[in-house]
Amino acid sequence: MVSPDNFQLPEQLSTGAAEVDDLYMFVYWFSLIFTAIIVAVMIYCIVKFRRRPGVKAEPVGHNLVMELVWTFGPVVFIAILFHLGFKVYVHNAVAQEGAMEIRARGRQWLWEFQYPNGSTATNELKLPVGKPVKFIISSDDVLHSFYVPGARLKRDAVPGMYTNITFTPTKLGPMQVFCAEYCGTSHSGMLAMIEVMTPEAFQKFLDEGDKPPAGTSPEEYGATLYKKNACNTCHSVDGSKMPGPTWKGLWGKQEQMADGSTVQVDENYVKESILKPQAKIAAGFTTTQMPPFTLKDPQIDAIIAYMKTLK
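Just so it is clear, the model here is predicted, and its values are computed rather than measured.

Undergrad: Just to check I follow, could you spell out the overall build of the protein chain for this structure?
TA: Within the protein chain, the secondary structure is distributed over six helices and 12 strands. Its C-alpha atoms give the protein chain a radius of gyration of 28 Å, more than 25% over the compact-globule value 19 Å for 311 residues. Projected onto the principal axes, the alpha-carbon positions of the protein chain cover approximately 95 × 50 × 35 Å. Partitioning the contacts of the protein chain with sequence separation of at least 6, the portion at a separation of at least 24 is 60%. About 18,400 Å² of surface is accessible on the protein chain, with carbon and sulfur atoms providing 62% of the total.

What follows is the structure in structure tokens.
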């Protein structure tokens, strides 16, 4: 959604977004006006000093004032731009006192979030409006980049180290999260959504935990979890080839393992594959390393119920 405050950038959804936009628009309009002036002067000179019969060109003399202007003018502008940019950077890099810390881990191809109370969520995060939050970002495999356009912030998720960003959500509603660093075949599917809610609704969510919507069948809840946990980035449900085995017709099948053994796809195998995916690896899929998931039993049961429908 384009911001109503300007015609180029997404809607401002955090306290620091307006500062970034102001700096961007300053550079944009300065560049546009300065380019127009340069082009106008060029056209004037082309017309004024064009070749004409009987007119002999004279060498251009030395002009000290002009040389000083075009040498030190850009230097002054760059110094001002650096000062403004660094000021905005520092303001958006330092977390406010009392900021809520959220762990954000990147994996091929999902984002896992951990709340201060220890509960986790995949590709879906809930935050209270008006409350500063600090993301502690890391990666479990390759280089990713945690990018929140509504907050105008992006930071790399690097294996073996922690990085962070901080902002305060200012509007109720969704905030999209992307991975901005190419990280493999399903990079484009590495998406997450932040839902900004009232402080009361957020506290209720923490107290009650994540539950399936009322009136939802286990199969429907399982289908929701299939997308929510980014299972669709590796496992198809229509038989098409992807980095992991397709779920179509998988339930009850005698699956060949990489070590030569066979395993029947039942409740125990599916649960073990979700919690400890490296315990048994299907033949032909040894090059893809599936990360472990921290799902609860009702969630695993729902995924199993969904798999049973994929015949």
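Now that the structure has been shown, we can carry on.
Undergrad: Is there a simple way to explain helix H2 (residues 64-93) in this structure?
TA: An α-helical turn contains 3.6 residues, so any two residues separated by three or four positions project in the same direction. Helix length check: H2, at 30 residues, gives a terminal C-alpha distance of 43 Å against a target of 44 Å (1.5 Å per residue), a fit within 8%. The N-cap of H2, judged by a side-chain oxygen 3.3 Å from the amide nitrogen of valine 65 a few residues on, is asparagine 63.

Undergrad: Would you mind showing me how to read the pairing of strand E5 (residues 133-139) here?
TA: Within a regular beta strand, the side chains point alternately toward one face of the sheet and then the other, so they alternate between its two faces. By the criterion of burial, E5 is predominantly enclosed, with six of the seven residues buried. As paired strands, strand E1 (residues 100-107) and E5 are joined by seven bridges and run parallel to one another. Bridge pairing links methionine 100 to valine 133 in E5. Summarising the sheet, E5 and strand E8 (residues 163-167) pair through five bridges and their orientation is antiparallel. Bridging across to E8, isoleucine 136 finds its partner in asparagine 164.

Undergrad: Is there a simple way to think about the UniProt feature "domain: Cytochrome oxidase subunit II copper A binding" (unreviewed entry) in the protein chain in this case?
TA: With numbering matched to this structure, UniProt assigns "domain: Cytochrome oxidase subunit II copper A binding" (unreviewed entry) to residues 97-208. Regarding residues 97-208, the helix share stands at 9% and the strand share at 50%, and the terminal C-alpha atoms are separated by 27 Å.

Undergrad: Could you clarify how one ought to interpret the sheet that holds E5 in this entry?
TA: Each strand in a sheet pairs with another by means of backbone hydrogen bonds, the pair being arranged parallel or else antiparallel. Ordered in space as E3-E2-E1-E5-E8, the five strands form an open sheet in which the pairing is mixed. At either end of the open sheet lies a strand with only one pairing partner, and these are strand E3 (120-122) and E8. With direction set aside, neighbouring strand axes in the sheet form an average angle of 25°. Bridge count for strand E2 (residues 110-114) against E3 is three bridges, and the pairing is antiparallel. Considered in E3, the bridge of phenylalanine 113 is made with alanine 121.

Undergrad: Help me understand the side chain of serine 186, please; the structure alone is not making it clear to me.
TA: Residue position: serine 186 is located in the loop between strand E9 (173-179) and strand E10 (192-197). Since its relative accessible area comes to 12%, serine 186 is described here as buried. Side-chain polar atoms of serine 186 contact the backbone oxygen of threonine 233, separated by 2.7 Å. Setting aside its immediate chain neighbours within four residues, serine 186 contacts Trp109 and Thr233.

Undergrad: Would you take a moment to explain the packing of helix H5 (residues 267-275) against helix H6 (residues 297-308) for this structure?
TA: Geometry of a packed helix pair, given as the angle between the helix axes and the separation of the axes. In the contact formed by H5 and H6, the axes pass within 10 Å of each other and the chain directions differ by 120°. Comparing their axes, H6 and H5 come out oblique. Handedness of the crossing formed by H5 with H6: right-handed. Here Glu267, Val270, Lys271, Ile274 and Leu275 of H5 come into contact with H6, specifically with Asp297, Ile300, Ile303, Ile304, Met307 and Lys308. Of the residues assigned to the contact of H5 with H6, the class counts are seven nonpolar, no polar and four charged.

Undergrad: Quick question: what am I supposed to make of the pattern of salt bridges here?
TA: In a structure, side chains of opposite charge can pair up when their charged atoms sit close to one another. Scanning the entire structure with this criterion turns up 11 salt bridges. As a salt-bridge pair, lysine 171 and glutamate 11 come within 3.2 Å of each other at their nearest N and O atoms. Here glutamate 11 lies in the segment before helix H1 (17-48) and lysine 171 lies in the loop between E8 and E9, a separation of 160 residues in the sequence. Between arginine 152 and aspartate 21 there is a salt bridge, with its nearest N and O atoms 2.6 Å apart. Within this pair, whereas arginine 152 is found in the loop between strand E6 (144-148) and strand E7 (153-157), its partner aspartate 21 is found in helix H1, the two being separated by 131 residues in sequence. By relative accessible area, arginine 152 is classed as buried at 14%.

Undergrad: Honestly, the environment of valine 69 in this entry has me stumped. Any pointers?
TA: Structurally, the position occupied by valine 69 is in helix H2. Sequence spacing of valine 69 and isoleucine 300 is 231 residues, and the spatial spacing of their C-alpha atoms is 69 Å.

Undergrad: Hey, could you run me through the packing of aromatic side chains in this one?
TA: Aromatic ring pairs: the centre-centre distance and the angle between the two ring planes describe each pair. The final tally for this structure, using the stated rule, is 19 aromatic pairs. Between phenylalanine 26 and phenylalanine 77 the ring centres are 6.1 Å apart and the planes differ by 40°, which places this aromatic pair in the tilted class. Of this pair, phenylalanine 26 sits in helix H1 while phenylalanine 77 is found in helix H2, placing the two residues 51 residues apart along the sequence. On the basis of an interplanar angle of 10° and a centroid distance of 4.1 Å, the ring pair of phenylalanine 30 and phenylalanine 77 is categorised as stacked. Residue phenylalanine 30 is located in helix H1, and its partner phenylalanine 77 is located in helix H2; the two are separated by 47 residues in the primary sequence. Among the residues examined, phenylalanine 30 registers a relative accessible area of 32% and is labelled partly exposed. Members of the aromatic cluster, joined through ring pairs, are Trp111, Phe113, Phe135, Phe146 and Phe167. The lysine or arginine in question, lysine 126, covers the ring of phenylalanine 205, its NZ or CZ lying 5.4 Å from the ring centre.

About the criteria used
Residues numbered from 1 in each chain as written. Predicted model: local features only at pLDDT ≥ 70, side-chain atom pairs only at ≥ 80, totals over all residues. Heavy atoms only, no water. Helix = DSSP H or I, 4+ residues; strand = E, 2+ residues; numbered from the N terminus. Rg over C-alpha atoms; globule rule 2.2 N^0.38 Å. Contact = heavy atoms within 4.5 Å. Areas by Shrake-Rupley, 256 points an atom, 1.4 Å probe, with all protein chains shown as cover. Expected span 1.5 Å × (residues − 1). Polar contact = N/O pair within 3.5 Å; in protein donor to acceptor, adjacent residues only side chain to side chain. Buried < 20%, exposed > 50% of the residue type's maximum accessible area, 1.4 Å probe, protein only. Pairing = 2+ DSSP bridges. UniProt positions renumbered as here; feature names shortened; annotations may be inferred. Axes fitted to C-alpha atoms, helices over the stretch in contact; angles between N-to-C directions. Parallel < 35°, antiparallel > 145°, perpendicular 65-115°, else oblique. Left-handed = near helix turned anticlockwise from the far one by under 90°. Nonpolar A, V, L, I, M, F, W, Y, C, P; charged D, E, K, R; others polar. Salt bridge = Lys/Arg side-chain N within 4 Å of Asp/Glu carboxyl O. Phe/Tyr/Trp six-rings, centres within 6.5 Å; stacked < 30°, edge-to-face > 60°. Lys NZ or Arg CZ within 6 Å of the ring centre and 35° of its normal.

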